[in-house]
Amino acid sequence: MEEQNLQEMLIRLRQELELAQVNDLQTQKLLRELDAQIKQQIEADDDEKAGSLLQRLEEAAAELEASHSTLTAAITHVMTALSNMGL
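Residues numbered from 1 in each chain as written. Predicted model: local features only at pLDDT ≥ 70, side-chain atom pairs only at ≥ 80, totals over all residues. Heavy atoms only, no water.

Quick word on helix 2 (residues 25-44)
Every α-helix winds through 3.6 residues per turn, so residues three or four apart in the chain are directed the same way. Helix length check: helix 2 (20 residues) gives 28 Å between terminal C-alpha atoms against 28 Å at 1.5 Å per residue, within 8%. All buried positions along helix 2 are accounted for by Thr27, Leu30, Leu31, Leu34, Asp35, Ile38 and Gln41. Summarising the axial view, the buried residues of helix 2 lie within an arc of 135°, below the 170-degree limit, and thus occupy one face. Opposite the buried face of helix 2, by more than 90 degrees, sit the exposed residues Leu25, Arg32 and Glu43. (Helix = DSSP H or I, 4+ residues; strand = E, 2+ residues; numbered from the N terminus. Expected span 1.5 Å × (residues − 1). Buried < 20%, exposed > 50% of the residue type's maximum accessible area, 1.4 Å probe, protein only. Arc of directions from axis to C-beta.)

See below:
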C-alpha cells in the first residue's frame, strides 16, 4: 500500500513540476533534472534509487523554499513518505 501511495505522490509531484511557472534558467534546469529523476524512480520502482531521489528532493526543497512554496510543500510530502518507508 505504501509503495502505491508513493507512486501516486511522485506522479502528482511531476505534475506540479510541469505546472510550475519558473523564469530563471537555473531553476528550470533543476526542475527538469528533478522531473527526470522522479520519472526514473516511477519506472524503476527501485529502493536504492529512492534513497538518491530522497537526497535530491532535500536539495531541491532547500533551493526552492523561498521562491516556490507550493513545490516545496509537495516535495516535502514525498520526502516524508520516503522517510516513513525507511528509505
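Structure's up, so let's keep going.
Focus on the pattern of salt bridges
On inspection of all chains with the given rule, the structure shows 4 salt bridges. For Asp35, the salt bridge is made with Arg14, and the minimal N-O distance between the two is 2.6 Å. Taken together, the residues Asp35 in helix 2 and Arg14 in helix 1 (residues 2-19) connect sequence positions 21 residues apart. Asp35 gets classed as buried once you look at its relative accessible area, which sits at 18%. Since its relative accessible area comes to 19%, Arg14 is described here as buried. Ionic pairing is found between Arg56 and Glu63, a salt bridge with its closest N-O pair at 4.0 Å. The exposure class assigned to Glu63 is partly exposed, which follows from its relative accessible area of 46%. (Salt bridge = Lys/Arg side-chain N within 4 Å of Asp/Glu carboxyl O.)

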